[in-house]
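# Structure at a glance
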Amino acid sequence: MTEHISTTPFGRRSLSLAMVAGQMAADSCAPGASSNKWQVFRAVCEAKQLLGASDRALAVLNALLSFHPDTDLVEGEGLVVFPSNAQLALRAHGMAPATLRRHLSVLVDCGLVVRRDSPNGKRYARKGFDGAIEQAFGFDLTPLLARAEEFERMAEAVRAERRSLLLVRERITILRRDIAKMIAFGLEEGIAADWPRLHLSYRDIVAAIPRTASRLELEPIAAELAALAQEVRKALESHVKTEETSANESHSERHIQNSNTHPHEFEPGLEKGQGTAAAVKPETRSQPPTGYPLGMVLRACPDIADYARNGISGWADLVETANLVRGALGVSPDAWNQACEAMGAVDAAIMVAAMLQKGEAISSPGGYLRSLTAKARAGEFSIGPVLMALLRGRGGAQAKAG
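Predicted model, so just to flag it, every value in this text is computed and none were measured. Each residue is numbered by its place in its chain's sequence as written, counting from 1. pLDDT decides what is reported in this predicted model: residues at 70 or higher carry local features, side-chain atom pairs at 80 or more are listed and counted, and totals for whole chains, interfaces and linings draw on all residues regardless. Water and hydrogen atoms play no part in the side-chain values, which are based on all heavy atoms of the structure.

What follows covers the overall build of the chain. Think of it this way: any DSSP run of H or I at least four residues long counts as a helix, any run of E at least two long counts as a strand, and we number them from the N terminus. Across its full length, the chain carries 16 helices and 6 strands. With a 1.4 Å probe rolled over the protein chains alone, any residue whose accessible area is under 20% of its type maximum counts as buried; one over 50% counts as exposed, and the rest are partly exposed. Counting all 402 residues of the chain, 39% fall into the buried class. Residue contacts follow a heavy-atom distance rule, with two residues in contact if any of their heavy atoms lie within 4.5 Å. For the chain, restricting intrachain contacts to residue pairs at least 6 apart in sequence, the fraction spanning at least 24 positions comes to 73%. For accessible areas, the Shrake-Rupley method is used with a probe of radius 1.4 Å. Any residue's cover is judged against the shown protein chains and nothing else. Taken as a whole, the chain presents about 22,700 Å² of accessible surface, with 52% of it coming from carbon and sulfur.

All right, on to unusual backbone geometry then. You will see that H93, though not glycine, has its phi angle at about 65°, which is positive. For H93, the position within the fold is in the loop between α5 (85-91) and α6 (97-109).

A separate point is helix α14 (residues 345-358). Taking 1.5 Å of rise per residue, 14 residues should cover 20 Å, and α14 covers 20 Å from first to last C-alpha, within 8% of that figure. Judged by how many residues are buried, α14 sits mostly within the fold: 13 of 14 residues are covered. Backbone geometry just downstream of α14 places G359 in the positive-phi region, at approximately 60°. What a helix is expected to span follows from its residue count: subtract one and scale by 1.5 Å.

A word on the packing of aromatic side chains. Within 6.5 Å between ring centres, the rings of Phe, Tyr and Trp (the latter by its six-membered ring) count as paired, and their orientation is classed by plane angle as stacked under 30 degrees, edge-to-face over 60, tilted in between. In the structure shown here, the tally under the stated rule is 2 aromatic pairs. When the centroid spacing of 6.1 Å and the interplanar angle of 90° are considered together, the rings of W38 and F41 count as edge-to-face. Taken as a pair, W38 and F41 lie in helix α2 (residues 37-46) at a separation of 3 residues, close to a single helical turn. Residue classification places F41 among the buried positions, given a relative accessible area of 13%. Where Y202 meets Y307, the ring centres are 6.5 Å apart and the plane angle is 80°; that geometry is what we call edge-to-face. With a gap of 105 residues between them, Y202 in helix α9 (residues 195-207) and Y307 in the loop between α11 (294-300) and α12 (315-329) connect regions that are remote in the sequence. Classification of Y202 as buried rests on a relative accessible area of 1%. The positively charged end of R91 is found above the aromatic ring belonging to F67, 3.8 Å away from the centroid. Two conditions define a charge located above a ring, namely a distance within 6 Å from the ring centre to NZ of Lys or CZ of Arg, and an angle within 35 degrees of the ring normal.

Time to look at the pattern of salt bridges. Salt bridges are defined by distance alone: a side-chain nitrogen of Lys or Arg within 4 Å of a carboxyl oxygen of Asp or Glu. This structure, assessed with the given rule, holds 14 salt bridges. E46 is the partner of R159 in a salt bridge, and the nearest nitrogen-oxygen pair spans 2.4 Å. Here E46 lies in helix α2 and R159 lies in helix α8 (residues 148-189), a separation of 113 residues in the sequence. A salt bridge links D334 to R370; the shortest N-O distance between them is 3.0 Å. Residue D334 is found in helix α13 (residues 333-343), and its partner R370 is found in helix α15 (residues 365-377); the two are separated by 36 residues along the sequence. A relative accessible area of 41% means that D334 is categorised as partly exposed. Within this structure, E46, E152, E156, R159 and R162 form a network of salt bridges that share partners.

This part covers the packing of α2 against α8. It is the contact of α2 with α8, at a shortest axis distance of 8 Å, that shows an interaxial angle of 45°. The orientation of α2 relative to α8 falls into the category oblique. When you trace α2 past α8, the crossing you get is left-handed. Between α2, through V40, A43, V44 and E46, and α8, the contact on the second element is made entirely by A148, F151, E152, A155, V158, R159 and R162. All amino acids are sorted into three groups, where Ala, Val, Leu, Ile, Met, Phe, Trp, Tyr, Cys and Pro are nonpolar, Asp, Glu, Lys and Arg are charged, and the leftover types, Gly among them, are polar. When the residues that make up the contact of α2 with α8 are grouped by side-chain class, the tally is 7 nonpolar, no polar and 4 charged. Axis definition: a line fitted to C-alpha atoms, limited for helices to the stretch in contact. Angles are taken between N-to-C directions and run from 0 to 180 degrees. Any angle between 65 and 115 degrees counts as roughly perpendicular, while under 35 counts as roughly parallel, over 145 as roughly antiparallel, and the rest as oblique. The handedness criterion is simple: a crossing whose near helix is rotated anticlockwise from the far helix by less than a right angle is left-handed, and one whose near helix is rotated clockwise is right-handed.

What follows is about the packing of α13 against α14. At their nearest, the axes of α13 and α14 sit 7 Å apart, and the two run at 125° to each other. For the element pair α13 / α14, the angle class is oblique. In this structure, α13 meets α14 at a crossing whose hand is right-handed. Between α13, through W336, A339, C340 and M343, and α14, the contact on the second element is made entirely by A345, D347, A348, A349, M351 and V352.

Look at α8: 61 Å from first C-alpha to last across 42 residues, which is about the 62 Å you get at 1.5 Å a residue. G190 sits one or two residues past α8 and shows a positive phi near 70°.

Buried Ala, Val, Leu, Ile, Met, Phe, Trp, Tyr and Cys residues form a nonpolar core when they are joined through side-chain atoms within 4.5 Å. Among the nonpolar cores identified, the biggest contains 67 residues, and L318 and M351 are the most heavily contacted of them. Setting aside its immediate chain neighbours within four residues, L318 contacts L294, V297, I304, I312, A349 and I350. Core analysis: the next-biggest nonpolar cluster, separate from the first, contains 38 residues, L61, F139, L141 and A148 among them.

This part takes up the environment of A222. Structurally, the position occupied by A222 is in helix α10 (residues 215-256). Sequence separation between A222 and I172 is 50 residues; the distance between their C-alpha atoms is 5.5 Å. If near-sequence neighbours (up to four positions away) are discounted, A222 is found in contact with V168, R171, I172 and L175.

Before going further, it helps to examine the side chain of S35. Mapped onto the elements of the fold, S35 is located in strand β1 (residues 34-36). The exposure class of S35 is buried, given its relative accessible area of 17%. Among residues more than four places away in sequence, those in contact with S35 are V40, T71, D72, L73, L145 and A148.

Take the confidence of the model for the chain next. The predictor reports its confidence for every residue as pLDDT, a score running from 0 up to 100. Summary statistics for the chain give a mean pLDDT of 80 and a share of 79% for residues scoring 70 or more. Here helix α1 (residues 17-27) stands out as the least confident element of the chain, with mean pLDDT 67; α2 is the most confident, with 95. pLDDT under 50 marks residues 255-287. Its contacts with residues more than four places away, or in other chains, come to 19 contacts.

What follows is the structure, encoded as structure tokens:
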């Protein structure tokens, strides 16, 4: 059995409470305990944030474990490894000496290993006459074995938190899709509701979603989206109930006055399509804006796709979806038609997508579009700077998130 007699570090390194705690953990290892070293290592990797260990420190720990000859860590059986810094650096993928020393200190501070320094600070093992190691000086892996169950519990807690975060992200994604689709449907069908207000509420909530957020930050946002989805759904359900009531009343009236089998005969002058406003369907250009493909537009303005009934696979889909979204933004049909005439339906649709993407940055989308229409008539309008600014903004945000 290997004997451990050293308790303090060699040289100018001072004793710390973390070192004392690590030695206490090693001393508390249950007799006869054993565990697979790579299973323990995987648990430590999953719980690294709770332990305060960095990726580089774990790379050094992986190298230390590779110097242990057996797959299992067994209490009392040679758990001290004693590679030189040169050997350890090679197995740590050529890590620089200063970096190696720094991350070894991190492992000690996290209570994952214990220093067993020799009188001269060198790492080596002293063997007896029978060839068995009597004393070893280096890094003791006993804390990994002693705390194996604790590491597994921490890893399980991290896995559970990760799963909860995934579930709340999925919920937010579904709610965003549902709200956008319901608003687009309500606008398309002309259902009576305050769609601009609902859309503005939706944009406010979505704008508050951080790019990197914890479960605790996302759960209140998911609750707000769920409440808004319920409000939008009630508007649609109320319309459905009204339609059903009207249909039942109409059916009853026809049953009583069954002699009239052609209801249009009451108004012989009313022809198909009269009495209702014709849908605004501006003619789309056969060619896209010069140098700006649809894929680039959707990368710059991805939110517009949430409102498309069947996706956006062409310029006609973009124009159709923009015609729905402009109502939610508060852009009047007249402003939309004027923009289509001045700059073309495709460029007008791109501008609506850009205004949707900018959200609260544009206080009056209708007035903004009219000012761009005036510039287009004067030959001073270009869609390029708008798209480039949005693409740069998204690239910068993604870089910060990464």
